[in-house]
Amino acid sequence: MKMTIKWMDKYLEEYMLIILSGFLVIMIFAQVFMRYIFDAPISWSEEIARFVFVWFIYVGVSAGVKYNRHLGVDAFKLLFKKKGETLLGIIANVLFLIFAVLITYHGIKILGNVSRSSAALQIPFFWVYLAPVIGMFLTAIRLIQNITIQIKAL
């Protein structure tokens, strides 16, 4: 169990992003190939590509937080020394954590009300609306990890 959690902590977002991006590239390539070579487009490929892209974005937010690669404004941080910079980072991460928890909470509430299915594939929209819930939950975990590291650095 401990090994599984360690593996997930280290690789979960990366493997999810590799799988999602590989699937996305294959689907878009197949659509372009079928449309321009055989003049027979795949009717459902654009829909599945859009859904996979939504998942890719939300898992990517978590990966960005994990590696501290999300957007930030550096100009304000330059006014402070190391401890002030760390304190600003903690404040920013706490605010981001509040946002991630709110999105997760309200996303779970919305999941209970989703009853429609997609047009081409008849995939329940539940699976699309699950992306922000999972993505922001993973983001919240990564933010808690970052805040813990920052507090120890003070």
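Just so you know, these numbers come straight off a predicted model, no measurement behind them. (Residues numbered from 1 in each chain as written. Predicted model: local features only at pLDDT ≥ 70, side-chain atom pairs only at ≥ 80, totals over all residues. Heavy atoms only, no water.)

This part takes up the packing of aromatic side chains. If you walk through the whole model with that rule in mind, you get 9 aromatic pairs. Aromatic side chains Phe51 and Phe125 sit 5.8 Å apart centroid to centroid with 75 degrees between the ring planes, which places their arrangement in the edge-to-face category. Of this pair, Phe51 sits in helix 2 (residues 45-66) while Phe125 sits in the loop between helix 4 (82-111) and helix 5 (126-153), and the two are 74 residues apart along the sequence. As far as the burial class goes, Phe51 and Phe125 line up, both buried. Among the aromatic residues, ring-to-ring pairing joins Trp7, Tyr11 and Tyr15 into one connected group. (Phe/Tyr/Trp six-rings, centres within 6.5 Å; stacked < 30°, edge-to-face > 60°. Helix = DSSP H or I, 4+ residues; strand = E, 2+ residues; numbered from the N terminus. Buried < 20%, exposed > 50% of the residue type's maximum accessible area, 1.4 Å probe, protein only.)

On the surface, Ile28, Phe29, Val32, Phe33, Tyr36, Ile37 and Phe38 cluster together into a nonpolar patch covering about 780 Å² of accessible area. Mapped onto the secondary structure, Phe29 falls in helix 1 (residues 2-36). A relative accessible area of 57% means that Phe29 is categorised as exposed. (Patch = residues over 30% accessible without salt bridge, like charges linked within 9 Å, V, L, I, M, F, W, Y side chains within 5 Å. Areas by Shrake-Rupley, 256 points an atom, 1.4 Å probe, with all protein chains shown as cover. Salt bridge = Lys/Arg side-chain N within 4 Å of Asp/Glu carboxyl O.)

Within the element layout of this structure, Glu47 appears in helix 2. Buried and without a salt bridge, Glu47 has Arg50 as its closest oppositely charged side chain, separated by 4.7 Å. At 2.9 Å, the side chain of Glu47 and the side chain of Ser118 are in polar contact. In terms of polar contacts, Glu47 uses its side chain to reach the backbone amide nitrogen of Ala119, at 3.2 Å. Setting aside anything within four residues of it in sequence, one finds Glu47 in contact with Ser118, Ala119, Ala120 and Leu121. (Lys, Arg positive; Asp, Glu negative; His and termini not counted. Polar contact = N/O pair within 3.5 Å; in protein donor to acceptor, adjacent residues only side chain to side chain. Contact = heavy atoms within 4.5 Å.)

Right, let's get into helix 1. Spacing of three or four residues puts side chains on the same side of an α-helix, whose turn is 3.6 residues. An ideal rise of 1.5 Å per residue puts 51 Å on 35 residues; helix 1 measures up with 50 Å between its terminal C-alpha atoms. The axis of helix 1 is deflected most strongly, by about 60 degrees, at Tyr11. Taken together, the buried positions of helix 1 are Leu12, Glu13, Glu14, Leu17, Leu20, Leu24, Met27 and Gln31. Residues of helix 1 that are buried make contact with helix 2 and helix 5. (Expected span 1.5 Å × (residues − 1). Bend = angle between axes of the 7 residues up to and from the residue.)

This is a description of form; function is not addressed.
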